[in-house]
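# Examining the three-dimensional arrangement
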Amino acid sequence: MTDTTIPVGLLKGRGVSFRQPHRFESAQRHPFDDGWGTLDQAQAEEQSAPATSVSWEDARSAITTNASPDIGFLHGLNPYRGCEHGCVYCYARPSHSYLNLSPGLDFETRLIAKRGLAEVLARELQRPGYRPEHIAIGTVTDAYQPIERELRLTRACLEVLARAQHPLAIVTKGSGVERDIDLLAPMGANGLAAVYVTVTTLDARLARVLEPRAAAPHRRLRTIRTLAEAGIPVGVSVSPQIPFLNEDMEQVLEAAREAGARRAFYQVLRLPWELSPIFRQWLMQHCPDRAGRVMARIQDMRGGQDYDSDFGTRMKGSGPWADLLRQRFHKACTRLGYQQERTPFDTTRFTPGALSAQGQLF
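Residues numbered from 1 in each chain as written. Predicted model: local features only at pLDDT ≥ 70, side-chain atom pairs only at ≥ 80, totals over all residues. Heavy atoms only, no water.

## Here's the deal with the sheet that holds strand S4 (residues 80–81)
Across the sheet, which stays open at both edges, the three strands sit in the order S1-S5-S4 with mixed pairing between neighbours. Looking at the sheet topology across the chains shown, the edges are occupied by strand S1 (53–58) and S4. (Pairing = 2+ DSSP bridges. Helix = DSSP H or I, 4+ residues; strand = E, 2+ residues; numbered from the N terminus.)

Here it is, written out as structure tokens:
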């Protein structure tokens, strides 16, 4: 593999046009003409738009636990590593480095699915001493990215959680969540499920290059409406907020509220590790006239750096620009009538014994 940039025109549907070396690599690779014609061959291969590949790993655990004080959930579940949506700003991109893969193109083209995840989840729910807390699904990589249509790992996990009457919350950009309304609607009616749909912007042209394989903005609004009409508690995430790019926060909140969203949250763009050069490259390719201003404002909210991992500020930023975003969000939510407090999930219905009932697989 080389670090050669692939022309954007040949990468329809991809968020990143190059292979960003990951932070654990000990060597950098660059094309070199050795006189044998191999450079022309390598460049021809690089010019081809990469296809998506999916490999399997056996799931050793299902429920993840975090102790971060700025995250509103204790337990998470993610059926896939990598995400074909290709969102250029995705803070999960650097996680591919642990697999010896690039956070750039590899993150959105070399995906990993967790075999047997639903069975492992069922066993974990039945462990002695397990105490139910709502499980947040898809908080790292989207549980309803395109490969879910065929692999149905998310669906299998939802079936386990529904059978055990275990509470869950989903965050997604994928309209595929509508497929599982038959499971989510009864759970939502019993205080066991909520769905948050991320709508970054209403600008379809901007969304197409920011989130190339995610559902279009109007399609996500339709998903909000469909879920709400089915009686499922639904909210909207207007994340991430990127200065001088998606400046339509209020319009998104208004459109989502009209569609049926009753809760809302936002985060500011985060650029950890390799994501910073990835995003800078994307800015130069798609918004060169604004690249300097965008990065200057991001640094204003990060203490002069591209990123600050402090628990107190990493989600919302700090300084005047972060304060302005916070004021805009809260004023819009108050005006539109969004709920200010999160409705607690019902954990009293949890029945792990249902997972080992006669005739079940678990």
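From this point on, the discussion continues.
## A few points about the packing of helix H8 (residues 217–229) against helix H9 (residues 249–259)
Between H8 and H9, the shortest axis-to-axis distance is 8 Å and the interhelical angle comes to 30 degrees. For the crossing formed where H8 meets H9, the hand is right-handed. Here Leu-221, Ile-224, Arg-225 and Ala-228 of H8 come into contact with H9, specifically with Ala-255, Ala-256, Glu-258 and Ala-259. In the contact of H8 with H9, the residues fall into six nonpolar, no polar and two charged. (Axes fitted to C-alpha atoms, helices over the stretch in contact; angles between N-to-C directions. Left-handed = near helix turned anticlockwise from the far one by under 90°. Contact = heavy atoms within 4.5 Å. Nonpolar A, V, L, I, M, F, W, Y, C, P; charged D, E, K, R; others polar.)

## Considering the pattern of salt bridges
As enumerated under the stated definition, the model contains 18 salt bridges in all. Salt-bridge contacts for Asp-58 lead to Arg-115; the nearest nitrogen and oxygen are separated by 2.8 Å. Residue Asp-58 is located in strand S1, and its partner Arg-115 is located in strand S5 (residues 110–115); the two are separated by 57 residues in the primary sequence. (Salt bridge = Lys/Arg side-chain N within 4 Å of Asp/Glu carboxyl O.)

## Regarding the packing of aromatic side chains
Taken as a whole and judged by the stated rule, the model has five aromatic pairs. On the basis of an interplanar angle of 65 degrees and a centroid distance of 5.6 Å, the ring pair of Tyr-196 and Phe-265 is categorised as edge-to-face. One end of the pair, Tyr-196, is in strand S8 (residues 193–198); the other, Phe-265, is in strand S10 (residues 263–265), and 69 residues separate them in sequence. Note on Phe-265: relative accessible area 27%, which makes it partly exposed. When the ring of Tyr-266 is compared with that of Phe-329, the centres are 4.8 Å apart and the planes differ by 45 degrees; the resulting orientation is tilted. Placement of the pair is Tyr-266 in the loop between S10 and helix H10 (275–286) and Phe-329 in helix H12 (residues 320–336), with a sequence separation of 63 residues. Accessibility classification places Tyr-266 together with Phe-329 in one group, the buried group. (Phe/Tyr/Trp six-rings, centres within 6.5 Å; stacked < 30°, edge-to-face > 60°. Buried < 20%, exposed > 50% of the residue type's maximum accessible area, 1.4 Å probe, protein only.)

## Some details on helix H11 (residues 291–300)
The set of residues buried in H11 consists of Ala-291, Val-294, Met-295 and Ile-298. All buried residues of H11 fall inside an arc of 90 degrees around its axis, so they share one side. On its buried side, H11 packs onto H10. (Arc of directions from axis to C-beta.)

## What to know about the sheet that holds strand S9 (residues 234–237)
As summarised here, the arrangement of the seven strands in space is S2-S3-S6-S7-S8-S9-S10, forming an open sheet in which the pairing is mixed. Only two strands of the sheet have a single neighbouring strand rather than two, namely strand S2 (64–65) and S10. As paired elements, strand S6 (residues 135–137) and strand S7 (residues 168–172) share three bridges and run parallel to each other. Residue Ile-137 lies in a different strand from S7, and its bridge partner there is Ile-170.

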